[in-house]
Amino acid sequence: MPPPEPGTADGFTITVDGAAVPVRAGQTLAAALLAAGRRSTRRTRFAGSSRGVFCGIGICFDCLVVCNGEPNVRACLRPAAAGDTVETGQRPGTTADSGRGGAGVGGPDAGEGVR
Amino acid sequence: MSSGAPDRRSEHRRGAARLAVVGAGPAGLAAAVAAAETGAEVTVVDLGQRPGGQYLRQPTVAGVRPDPHPGRAGDLLRQAGGHPRITFRSGHQVWSAEPAGDDPSETWPSSRRHSSSGGPAGAVTLRLFGPAGPDTLTAPVVVLAPGGYDRVVPFPGWDLPGVVTAGGAQALAKGQGVLVGRRVLVAGTGPFLLVVAAGLASAGAQVAGVVEAAPLHRWSRHPLAVAGQPGKLAEAARHFAALRRHRIPLWRAQAVTEVVEDGAGLRATVRRVDADWRPGEVTRTVPVDAVCVGYGFTPSVELAVALGCATRIDPADGSLVVTVDELGRSSVPGVLVAGEATGVGGAGLAVDEGRLAGLAAAHRLGLLDDAGLGRAAAPVLRRAARQRRFAAAMHRVHRVPDGWTEWLRPDTVVCRCEEVTAGRLRADVTGYGLDDIRALKLVTRVGMGLCQGRVCGRAAACLLAAASGRDQPLEDFAKRQIVMPVPLGAVAEEGPPQ
Amino acid sequence: MAGSFDVVVVGAGIVGAACAYACARRGLTVAVLERAGLVAGATGSGEGNLLVSDKLPGPELELALFSNGLWRRWATELGDRYGDIELEAKGGLVVTGVGPGADGAAGLAGLRATARAQAAAGVLVESLDPAGVREREPAITPELAGGLFYPQDMQLMPAKATAALLAAARADGAEVRLRTEVTGLSRDAGGRVVGVRTGAGPVAAGHVVNAAGAWAGALAGLAGADTPVAPRRGFILVTEPVPPLVRHKVYSADYLDNVASGDAGLQSSTVVEGTPAGTILIGATRELVDFDHRYNAEAVRRLAEGAVRLFPPLAAVRAMRVYHGFRPFSPDHLPVIGADSRVPGLVHAHGHEGAGIGLAPATAHLVAQVVSGERPDLALGPFDPARFRTEVEAARAAA
Ligand SMILES: Cc1cc2nc3c(=O)[nH]c(=O)nc-3n(C[C@H](O)[C@H](O)[C@H](O)COP(=O)(O)OP(=O)(O)OC[C@H]3O[C@@H](n4cnc5c(N)ncnc54)[C@H](O)[C@@H]3O)c2cc1C
Ligand code: FES
């Protein structure tokens, strides 16, 4: 079986947080987001800070988005499909206000990020 | 078992000389071609949509020009793609591997060397997850060529959107035709930074500079290694010429020690660093859209570790690598390993190692006799040895000393998945008296997130060693039976090995 | 290494840590000796359930009820200064008749009988019909016959609890020595244990507490006080972090049979719970296979299958990790707690099998009372270390 050929169809659009975003056939969700100037993919569970594509090859799980209702989709691996509905800025793994974490021997140099 | 699985399994008639190759990068493709040429039926599994791996990445987007791959590595794509005995399973992730056998209730050594039990000696079952669901692939011999990924040391701001790995930026440009930013800074250490900077510039990015933490004049200390590799010298010269052509400055013995948000973009702080990378004065701050960082590579050893292959620390760059003989044979019979997982050495070396492992696999399958193996391997062995010397010299120049730990602030995130900060980690290590990786993971959750410690593991081990005064075995971050997260439905459906 | 302590605790799992905490708080001088690192044993590879629901009326249930109160108090005592141990009083839910083909009526009858007996022994329990179950667990399968809800069941994070207990014990003067293996017990002319030998020298002790978990038999053997504690292996699957999907500790009623069985072969039942970290833990398998560290793919497959049958949405949730540990199994399913009549000075605190996290505080409280010469708050007869005469003789004969 020879390797598949690159996509040849023309572009299409997907919906990202309610807005239409153009996609070139064969692009991943991450590529489409970046091409549209959208750097942030998700927020973190505990601190709620923004994250975006980091490793670009499926290793780091920072590029998680919700795609067609499916949570924790790695945007850098998922090829975009016409009509996809993508939500960014979600906090995977928690409801917005249930963040907990950190072990907790308090101390002057314990970081702030985990509370 | 998923629908369609029986067809797939019948691809492999029982008794046929079968080889499974994990990874379709230069090493995996070379192994597949070498073994297929001797008559083996080869299945190549890769997570990517198209074969090639990181180095030979092929675009999936129409109109994006593939790299004009130089030399032997480039030919492999054509040879492997057209070979009648090579089957590709693209878009498939191997999430677990066990020695195969006939008794489904039998258990398998997962953490130490073992002799065969039950099934054909050294046979392996790979558990796959692909677009059509779960599947298993059993073969009497496997070549693991899973490559590696960028190593990044933490620094304040490394978790901001817009800070990406050098390899990630390259993958997006090469495979997707997308730039991570219009104006970018490339930082870290190693010759790969030059490749990425030149690539991004040719793709239309404005590269503000390359920040290289090593002083670089140290190259001159390894004239023998360089002399043995005139090709490498020419390659380096080409990269430097590309930088000059694009007017990209190279700042040596400096590092990006902090990135902050600045309006819609980012601002990177560049500092001078000493030989141990302790931070000195600020040399410049650079406004950019994106910062691409790379501090060498982390070999992917998880599959081999899950199969019980012995590992060692590569003295050249301190990475955890699989112990293999010169033909890529690991401590587990029937499991061969090639490419970055046996030591980071670049695409050229990976091709040679892949070829050697493919030949050794054919030998184990009975397709080559001792003499045939010796004849075919000899010239490749010589070339591989030269390239390994060169790689070792390169690692010495671009080694990563521990001074980066002084770039951290208490609120700097070390474990990105679980948001464990440097301050929290150090406070818990001293407050609770933690002195090993297992306890550190359980108590602080460092390395317990979705990336399974791939991104932060080595940095966390380094911080733990400093705070506890005890050396830490890196293998504790690589030991896991589920090598990549996989839906529970797939775990449930997966039948016992057939 | 030298020193002399009122109490030397062998093992830094949750039981050893709890004993150190309880003893140090009474002003006793304490050393904890651990051959590996913190939570190297079962404590680092279990779940953190503190259950009353899985115990029938009898001495173990009394221990569990006593522990339940102690854990609530300890969590507050520890929380402010030594870190959150993630104690959640979430309640446990036992369901029966799950999936097609299950005999719901028989299951329900069995459950209700158990509930009546437990209620008489002081356990709070509420009977639920299928709608009641789904009200508490909206994501659970509709295919079930009913269940019981146990509001007293709780959960905590064992590694954090152990670390916090040891930190608190240290604050009360205890010494914790990791990477220190106990290789022998020193005895005086009268046969009394007066200390231990370690790779780093002898340590003198008024009492030696055997909190060596699944390895407790080997330690007791060093003093000739044979105790037939055996490792019972268990695998756990851990998912990626997801929004709250499983609200309580939920398990199928066959778990009770598996716990009570002494069968050596692979047994699995479905036990599912969420954690504050967002992950979902899936247990539980049981095998008597000695300290065998090999992976068992079939055991893990059954865990996933059971979890998906109980909570169908889990099929799409990713498994992130699998690990195993060795429960300290005692042949009559009761822990081994108290002074050893055969060897004065030796005190046992082990054999809790799959309930050591839950039973640690009561165990530690009783051990501290024994060491201080007080009358224990619970009768120790059922937990007597010398009770296994038949098993010990059989093992000797076999050897
Ligand atoms: C899969 C699984 C799930 C479980 N789930 C639960 C649950 O939900 N709730 C619950 O209550 N319990 C649960 N358990 C059981 C629980 O984990 C154990 O009962 C408990 O951890 C036992 O604690 P311990 O301190 O006695 O033993 P361990 O934690 O095993 O500690 C014993 C320590 O002694 C050390 N040691 C041994 N010999 C020596 C020596 N000679 N010198 C020095 N040190 C020595 C060992 O290194 C070890 O660290 C589970 C267990 C498993 C395996
Ligand atoms: S960017 Fe790392 S997984 Fe997608």
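The rules behind these values
- Residues numbered from 1 in each chain as written.
- Chains lettered and ligands numbered in written order.
- Predicted model: local features only at pLDDT ≥ 70, side-chain atom pairs only at ≥ 80, totals over all residues.
- Heavy atoms only, no water.
- Helix = DSSP H or I, 4+ residues; strand = E, 2+ residues; numbered from the N terminus.
- Buried < 20%, exposed > 50% of the residue type's maximum accessible area, 1.4 Å probe, protein only.
- Areas by Shrake-Rupley, 256 points an atom, 1.4 Å probe, with all protein chains shown as cover.
- Near = heavy atom within 4 Å.
- Polar contact = N/O pair within 3.5 Å; in protein donor to acceptor, adjacent residues only side chain to side chain.
- Nonpolar A, V, L, I, M, F, W, Y, C, P; charged D, E, K, R; others polar.
- pLDDT = per-residue confidence, 0-100.
- Contact = heavy atoms within 4.5 Å.
- Core = buried A, V, L, I, M, F, W, Y, C linked by side-chain atoms within 4.5 Å.
- Salt bridge = Lys/Arg side-chain N within 4 Å of Asp/Glu carboxyl O.
- Buried area = accessible area lost by both parts, 1.4 Å probe.
- UniProt positions renumbered as here; feature names shortened; annotations may be inferred.
- Pairing = 2+ DSSP bridges.
- Axes fitted to C-alpha atoms, helices over the stretch in contact; angles between N-to-C directions.
- Parallel < 35°, antiparallel > 145°, perpendicular 65-115°, else oblique.
- Left-handed = near helix turned anticlockwise from the far one by under 90°.
- 1 Å grid on protein atoms, 1.4 Å probe; cavity = no way out; pocket = protein on both sides within 12 Å on 5 of 7 lines; lining within 4 Å.
- Points joined across faces, edges and corners; volume = space filled by probe spheres on them.

Describing the overall build of chain B
Looking only at helices and strands, chain B has 15 helices and 23 strands in total. Looking at the 498 residues of chain B, the share that counts as buried comes to 64%. Only carbon and sulfur atoms are counted for the fraction: they give 52% of the accessible area of chain B, which is about 17200 Å².

Section: the site of ligand 1
Residues and elements named next belong to chain C. Residues in close proximity to ligand 1 total 37 residues, the closest being E34, T43, N49, E353 and G358. One nitrogen or oxygen atom from the main chain of V182 is found 2.9 Å from a nitrogen atom belonging to ligand 1. Contact between ligand 1 and A355: an oxygen atom at 3.3 Å from a main-chain N or O atom of the residue. Alone, ligand 1 offers 1000 Å² of accessible surface; in the complex the protein occludes 97% of this. If you list the elements that add at least two residues to the shell around ligand 1, you get α1 (14–25), β12 (230–239), β16 (318–329) and α9 (356–371). Per-element tally for the shell around ligand 1: the top contributor is β16, with four residues. A class-by-class count of the residues in the shell around ligand 1 yields 15 nonpolar, 16 polar and six charged.

So, the confidence of the model for chain A
Residues and elements named next belong to chain A. Per-residue confidence for chain A gives a mean pLDDT of 78, with 72% of residues at or over 70. Here residues 1–8 is modelled with pLDDT under 50, and outside its nearest four sequence neighbours on either side it reaches 15 contacts, counting other chains as well. Segment residues 95–115: pLDDT under 50, and 60 contacts once partners within four positions in sequence are set aside and those in other chains are kept.

Some thoughts on the nonpolar core
In terms of nonpolar packing, the biggest core is built from 174 residues, with B:L126, B:L185, C:V30 and C:W71 touching the most fellow members. Those residues within four positions of B:L126 in sequence are excluded, and the remaining contacts are B:A20, B:V22, B:V94, B:S96, B:A97, B:D135, B:T136, B:L137 and B:V142. The next biggest cluster of nonpolar side chains, apart from the first, holds 44 residues, and it includes B:A30, B:A40, B:A80 and B:A384.

Describing the pattern of salt bridges
Where charged atoms from two side chains of opposite charge approach closely, those side chains can pair. A full pass over the atoms with the stated rule returns 51 salt bridges over all chains. A salt bridge links C:D226 to C:R396; the shortest N-O distance between them is 3.5 Å. Taken together, the residues span a long stretch of sequence, with C:D226 in the loop between α6 (216–221) and β12 and C:R396 in helix α10 (residues 389–398) at a distance of 170 residues. Accessibility expressed as a relative area gives 26% for C:D226, which makes it partly exposed. Across the salt bridge formed by C:D292 and C:R294, the nearest N and O atoms sit 3.1 Å from each other. Taking relative accessible area as the criterion, C:D292 reaches 12% and is therefore assigned buried. Judged by relative accessible area, C:R294 falls into the partly exposed class, the value being 26%. By sharing partners, the salt bridges in this structure join A:R42, A:R51, A:D62, B:D159 and B:R416 into a single network.

Things to note about the interface of chain B and chain C
Contact residues are listed per partner, giving 40 residues for chain B and 47 residues for chain C. Taken together, the two surfaces of chain B and chain C that pack against each other cover about 3400 Å², and 59% of this comes from carbon and sulfur. Between chain B and chain C we count two salt bridges in total. Across the pair C:R179 and B:D436 runs a salt bridge whose closest N-O atoms are separated by 2.8 Å. At the junction of chain B with chain C, the criterion picks out 13 residue pairs in polar contact (both at pLDDT 80 or more). Of all elements in the fold, only β4 (93–99), α11 (422–432), α12 (437–444), β23 (486–487) and α15 (488–493) of chain B reach the threshold of two or more residues within the side of chain B that touches chain C.

Comments concerning the UniProt feature "domain: BFD-like [2Fe-2S]-binding" (unreviewed entry) in chain B
UniProt tags residues 413–465 of chain B as "domain: BFD-like [2Fe-2S]-binding" (unreviewed entry). In the segment residues 413–465 of chain B, helix accounts for 53% and strand for 9%; the C-alpha atoms at its two ends are 18 Å apart.

Details of the sheet that holds strand β13 (residues 254–262) of chain B
All names here are of chain B. The strand order β13-β14-β15 describes an open sheet built from three strands, whose pairing is antiparallel. In this open sheet, the two edge strands, each paired with only one partner strand, are β13 and β15 (279–288). In this sheet, adjacent strand axes meet at a mean angle of 25° when their direction is disregarded. Taken together, the seven bridges between strand β14 (residues 265–273) and β15 define a ladder with antiparallel strand orientation.

Points about the interface of chain A and chain B
Taken together, the contact between chain A and chain B spans 54 residues of the former and 60 residues of the latter. Across the chain A/chain B interface, buried area totals approximately 4400 Å², and carbon plus sulfur atoms make up 57% of it. Along the contact surface separating chain A from chain B lie three salt bridges. Taking the shortest distance from any N to any O, the salt bridge between A:R51 and B:D159 comes out at 3.8 Å. Where chain A packs against chain B, one counts 16 residue pairs in polar contact (both at pLDDT 80 or more). Within the residue set of the side of chain A that touches chain B, elements represented by two or more residues are α1 (29–35), β3 (40–43), β4 (50–52) and β6 (70–74) of chain A. Partitioned by chemical class, the residues of the side of chain A that touches chain B number 25 nonpolar, 18 polar and eleven charged.

Some points on helix α2 (residues 59–82) of chain C
Every buried residue of α2(C) is listed here: C:E60, C:L61, C:L63, C:A64, C:S67, C:N68, C:L70, C:W71, C:W74, C:A75, C:L78 and C:Y82. Following α2(C) by one or two positions, C:G83 has its phi on the positive side, about 105°.

Considerations on unusual backbone geometry
In the segment running from C:G283 into C:A284, the intervening peptide bond is cis, with an omega of -5°. One can find C:A284 in strand β15 (residues 280–286). The phi torsion at A:D17 lies on the positive side, around 50°, for a residue other than glycine. Take A:D17: it is sitting in the loop between β1 (12–16) and β2 (19–23). The class of A:D17 is partly exposed, set by a relative accessible area of 41%. Backbone geometry at C:R179 places phi at a positive 55°, although glycine is not the residue there. Residue placement: C:R179 occurs in the loop between β8 (175–177) and β9 (182–187).

Quick word on the packing of helix α9 (residues 347–364) of chain B against helix α10 (residues 370–397) of chain B
Helix-helix packing: each pair is described by the crossing angle between the helix axes and the interaxial distance. Residue and element names in this part refer to chain B. Viewed as axis vectors pointing N to C, α9 and α10 meet at an angle of 160°, and their least axial separation amounts to 9 Å. Looking at the two axes, α9 sits roughly antiparallel to α10. In this structure, α9 meets α10 at a crossing whose hand is left-handed. Contact residues: α9 offers G348, L349, D352, E353, R355, L356, L359, A360 and H363, while α10 offers D370, L373, A376, A377, V380, L381, R383, A384, Q387 and R388.

Comments concerning empty space enclosed by the protein
On inspection of all chains with the given rule, the structure shows ten cavities of 30 Å³ or more. In terms of lining residues, the largest cavity is bounded by 23 residues, among which B:Y149, B:T298, B:G453, B:R454 and B:R458 are the most central. Within the residue set of the lining of the largest cavity, elements represented by two or more residues are β8 (148–150), β17 (297–299), α13 (457–468) and α14 (475–478) of chain B. Broken down by element, the lining of the largest cavity gets its largest block of residues, three residues, from α13(B). Looking at side-chain class alone, the lining of the largest cavity contains twelve nonpolar, five polar and six charged residues. Around the second largest cavity, the lining residues are A:R42, A:R45, A:F61, A:L64, A:N72, A:P92, B:C417, B:E418, B:G449, B:L450 and C:P241. When grouped by side-chain class, the residues that make up the lining of the second largest cavity number six nonpolar, two polar and three charged.

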